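So the chains spell out like this:
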2 protein chains.
Amino acid sequence: MKPELIQKIVDIRSRVVDCRASGRTTGFVPTMGALHAGHAALMERARRACDVVIVSVFVNPIQFDRPDDYEKYSLNLQADVAFCAARNVDLVFAPELKEMYPSPQHTYVEVPRVSDRLCGEYRPGHFRGVATVVAKLFNIVPADAAYFGEKDAQQLAVIRRMVADLNIPISIVAVPTVRESDGLALSSRNQRLSPAERRVAPLVFKALEAARAKIAGGGRDAAEIKEASVALLRAEPRIRIEYFEIVDAEEMQPVEQFQGPVRIAAAVWLGQTRLIDNVLIDNAPIDSVPISTS
Amino acid sequence: MKPELIQKIVDIRSRVVDCRASGRTTGFVPTMGALHAGHAALMERARRACDVVIVSVFVNPIQFDRPDDYEKYSLNLQADVAFCAARNVDLVFAPELKEMYPSPQHTYVEVPRVSDRLCGEYRPGHFRGVATVVAKLFNIVPADAAYFGEKDAQQLAVIRRMVADLNIPISIVAVPTVRESDGLALSSRNQRLSPAERRVAPLVFKALEAARAKIAGGGRDAAEIKEASVALLRAEPRIRIEYFEIVDAEEMQPVEQFQGPVRIAAAVWLGQTRLIDNVLIDNAPIDSVPISTS
């Protein structure tokens, strides 16, 4: 069945409030459109857990550090609504820009420590824009739970920390990354890759997996493990590495040795396209010490 | 009747959610304790408008720019609860520090433009701390309306902007400043004044009123109006002026000439005590141009 398309804040909020008042559970999947199987996994997870599933489709200008990247995010709302229909989504919230930002945004939510490294280092203001729009969306769509992909691991960590620190009454559910059969993590950016770039793109996941295997095999020296994976990536001249790091999964700070959950995270450029990916290691075997504290 | 004292976030939130689910209107008065007639005016206003009145008592460490100022805020919870009882408050939320900040706060809400001038210029981080704790409190006490005094005019402007920008579903109600018979605005800080300081303290309001009278009489040159009031304050050697400004009431930016609502706002030091006050001019008579835009 086709989901109901809602464009006004006042309408979506009252719908969600009414759902909750009538005892129905609500699950929220915030997106920037260009929906693919990664988003489908979020919707399906919400669908299994909740009575009412709400998807938002909004390309948030304040999280883009480069105007050309924002402009490349062309929205095809009709296609996105059809995509949601096929996943039995109940409500699609697709506000106009002016509805979300009726006047200059003066208020920002910042999560500095968690945002400082990795993507935060290379995309100034990105996580501030993400945290701010997600704080807005959580006030607009006051659902029981919200669903985010692990592929954007730092975003997930920023949002989790924001929700905890600001006492936002919503559960954050992390959904595993969906991959192509050759390992490439799904992303709306993949469609910008040339055929030659697409062929080498799975090397990012291979380099992450190589690091994971080393840790599983007892490796404990982060620098050594990183070096081997970086060498794998360097062997491919089309790939330019932005970062390759092993960080704690909560604050995304580089670790020297391992303890508790860590993420191995990478960002690379393939031509004009930036790709990110990561793997989570839930039970790193050996005690560790964070490199830096603030 | 004595209000119910609640110390846990989970308890106060479920109480407020239950109230709203049962159709009762809820009014919230956030305070830092040391309650006085200014707070009473907030409670009485909430009492008239709402079925259930909630007062929070929490001295928020992250909004203090000077540790000694924070330490001077000694809390007498028993007295504050008795004060609330006399105003027919229903619920007092008085969390421990660890309840509000169980781990280091990494997330901050910033409202830079509105926070930049006046108190924000002299109290670095103050409005960041205010906006952050109020964002937390609005998630913890999801009331229909929250009540703030006009005496803290910049705080009011910061909170109003935050609520609008982050789509927080709460109405902000401004309550006029309560004054002693000699004009001194009520503040918990007044009790720190020596008798000699207390005698000259009403001069702040007199200087604000002098400026208001000039505007009412057709004055239109902000610099000239300020100069006359500053001279009044300078005549009293116990007073050290921090700022005396005429600003627009929404973004708290200095204006050269007047249009729409403006505030005349001052901060002074009397010995070790900092006092602030302001008056609102709702219908400034003449067209104006803001000095600065960002």
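Worth saying up front: this structure is predicted, and the values here are computed from it rather than measured.

1. Notes on the interface of chain B and chain A
Of the residues lining the interface, 24 residues belong to chain B; the matching set on chain A comes to 24 residues. Of all the elements in the fold, those that place two or more residues in the side of chain B that touches chain A are helix H1 (9–21), strand S5 (108–110), helix H6 (112–115), helix H8 (126–140) and helix H9 (153–165) of chain B. Examining the composition of the side of chain B that touches chain A, we find that four residues originate from one element, H8 of chain B, more than from any other. By the bridge criterion, three bridges tie strand S5 (residues 108–110) of chain A to S5 of chain B in an arrangement that is antiparallel. Bridged to valine 109 of chain A within S5 of chain B is valine 109 of chain B.

2. Some remarks on the environment of asparagine 88 of chain B
Residues and elements named next belong to chain B. Looking at the element boundaries, asparagine 88 is found in the loop between helix H4 (77–86) and strand S4 (91–93). Using a count of 13 C-beta atoms within 10 Å as the deciding quantity, one classes asparagine 88 as partly exposed. Separated by 70 residues in the primary sequence, asparagine 88 and valine 158 place their C-alpha atoms 29 Å from one another.

3. Side note on the domain arrangement of chain A
All names here are of chain A. Per the domain assignment, the segments of chain A are domain 1 (4–175) and domain 2 (188–284). Domain 1 and domain 2 are separated by 26 Å when their C-alpha centres are compared. Taken together, the contact between domain 1 and domain 2 spans 13 residues of the former and 17 residues of the latter. When residues in the side of domain 1 that touches domain 2 are grouped by element, the largest group, three residues, is from helix H9 (residues 153–165).

4. Describing the sheet that holds strand S2 (residues 26–31) of chain A
Within a sheet, neighbouring strands are paired by backbone hydrogen bonds and run either parallel or antiparallel to one another. All names here are of chain A. The sheet built from six strands is open, its strands ordered S1-S4-S3-S2-S6-S7 with parallel pairing. Edge positions in the sheet fall to strand S1 (4–6) and strand S7 (171–175), since each has one partner strand and no second. Sheet twist, expressed as the mean angle between neighbouring strand axes with direction ignored, is 25°. Pairing of strand S6 (residues 145–149) with S7, which is carried by five bridges, proceeds in the parallel orientation. Within the sheet, the bridge partner assigned to phenylalanine 148 lies in S7 and is alanine 174. Along the sheet face, helix H4 (residues 77–86) touches S1, strand S3 (52–57) and strand S4 (91–93) and points at about 160° away from the line of S3.

5. A few points about the relation of the copies chain B and chain A
It takes a turn of 180° to lay chain B on chain A, together with a shift of 0.0 Å along the axis; the resulting RMSD is 0.0 Å. Look at the turn and shift together and you get a two-fold axis relating the two. For chain B, the smallest separation between a C-alpha atom and the rotation axis is recorded for valine 109 of chain B, amounting to 2.3 Å. Interface residue correspondence from chain B to chain A reaches 100%, placing this contact among same-surface, isologous pairings.

6. Description of the sheet that holds S4 of chain B
All names here are of chain B. On the basis of which strands lie adjacent, the open sheet formed by six strands has the order S1-S4-S3-S2-S6-S7 and parallel pairing. Each edge of the sheet is formed by a strand with only one pairing partner; in this case those strands are strand S1 (4–6) and strand S7 (171–175). Across the sheet, the axes of successive neighbouring strands diverge by a mean angle of 25°, strand direction being ignored. Relative to strand S3 (residues 52–57), strand S2 (residues 26–31) runs parallel, the two being bridged by six bridges. Bridging from a neighbouring strand, proline 30 pairs with serine 56 of S3.

7. Observations regarding the pairing of S6 of chain A
Residues and elements named next belong to chain A. Two strands pair when backbone bridges link them, and S2 and S6 are joined in this way by two bridges, in the parallel orientation. Counterpart to glycine 27 in the pairing with S6 is alanine 145. A crossover links S6 with its parallel partner S7, the connecting element being H9, and its sense is right-handed.

8. Notes on unusual backbone geometry
Across residues other than glycine, the phi torsion is negative in most instances, and most of the peptide bonds are trans. Residues and elements named next belong to chain A. In the Ramachandran plot, methionine 252 falls in the positive-phi region, its phi being about 55° despite a non-glycine side chain. Mapped onto the fold, methionine 252 is located in the loop between strand S8 (239–248) and strand S9 (260–270). Judged by the 26 C-beta atoms lying within 10 Å of it, methionine 252 is buried.

9. Here's the deal with the packing of helix H11 (residues 203–216) of chain B against helix H12 (residues 222–234) of chain B
Residue and element names in this part refer to chain B. Two numbers describe how H11 lies on H12: the axes approach to 9 Å, and their chain directions differ by 155°. Compared by their axis directions, H11 and H12 come out roughly antiparallel. For the pair H11 and H12, the sense of crossing is right-handed. Taking contact as the criterion, the partners of Leu203, Lys206, Ala207, Ala210, Ala211, Lys214 and Ile215 in H11 are, on H12, Ile225, Lys226, Ala228, Ser229, Leu232 and Leu233.

10. Regarding the nonpolar core
Core analysis: the biggest nonpolar cluster contains 174 residues, and Ile54, Val92 and Val141 of chain A together with Ile54, Val92 and Val141 of chain B have the highest contact counts within it. Non-local contacts of valine 141 of chain A, meaning those with residues more than four positions away in its chain, are made with Ile12, Val16, Phe28, Ile54, Ser56 and Phe93 of chain A.

11. Describing the packing of H8 of chain B against H9 of chain B
Residues and elements named next belong to chain B. Direction vectors running N to C along H8 and H9 enclose 50°, while the axes themselves pass 10 Å from each other. Taken as axis vectors, H8 and H9 run oblique relative to one another. As H8 runs across H9, the sense of the crossing is right-handed. Between H8 and H9, the residues in contact are Phe127, Val130, Ala131, Val134 and Ala135 and Gln155, Val158, Ile159 and Met162, respectively. Each residue belonging to the contact of H8 with H9 can be placed in one class, and the counts come to eight nonpolar, one polar and no charged.

12. Some words on the environment of alanine 185 of chain B
Residue and element names in this part refer to chain B. Tracing the backbone shows alanine 185 in the loop between S7 and helix H10 (195–200). For alanine 185, a count of 25 C-beta atoms within 10 Å translates into the label buried. The spacing of alanine 185 and alanine 235 is 50 residues in sequence and 20 Å in space, taken between C-alpha atoms. When neighbours within four sequence positions are excluded, alanine 185 is seen to be in contact with Lys151, Thr177, Arg179, Phe205 and Asp277.

What counts, and where the lines are drawn
- Residues numbered from 1 in each chain as written.
- Chains lettered and ligands numbered in written order.
- Predicted model: local features only at pLDDT ≥ 70, side-chain atom pairs only at ≥ 80, totals over all residues.
- Contact = placed C-beta atoms within 7 Å.
- Helix = DSSP H or I, 4+ residues; strand = E, 2+ residues; numbered from the N terminus.
- Pairing = 2+ DSSP bridges.
- Buried ≥ 20, exposed ≤ 12 C-beta atoms within 10 Å, placed from the backbone.
- Domains from an automatic or database assignment.
- Axes fitted to C-alpha atoms, helices over the stretch in contact; angles between N-to-C directions.
- Least-squares fit on C-alpha atoms with pLDDT ≥ 70 in both.
- Right-handed = clockwise from strand over helix to strand, strands pointing away.
- Parallel < 35°, antiparallel > 145°, perpendicular 65-115°, else oblique.
- Left-handed = near helix turned anticlockwise from the far one by under 90°.
- Core = buried A, V, L, I, M, F, W, Y, C linked by C-beta atoms within 7 Å.
- Nonpolar A, V, L, I, M, F, W, Y, C, P; charged D, E, K, R; others polar.

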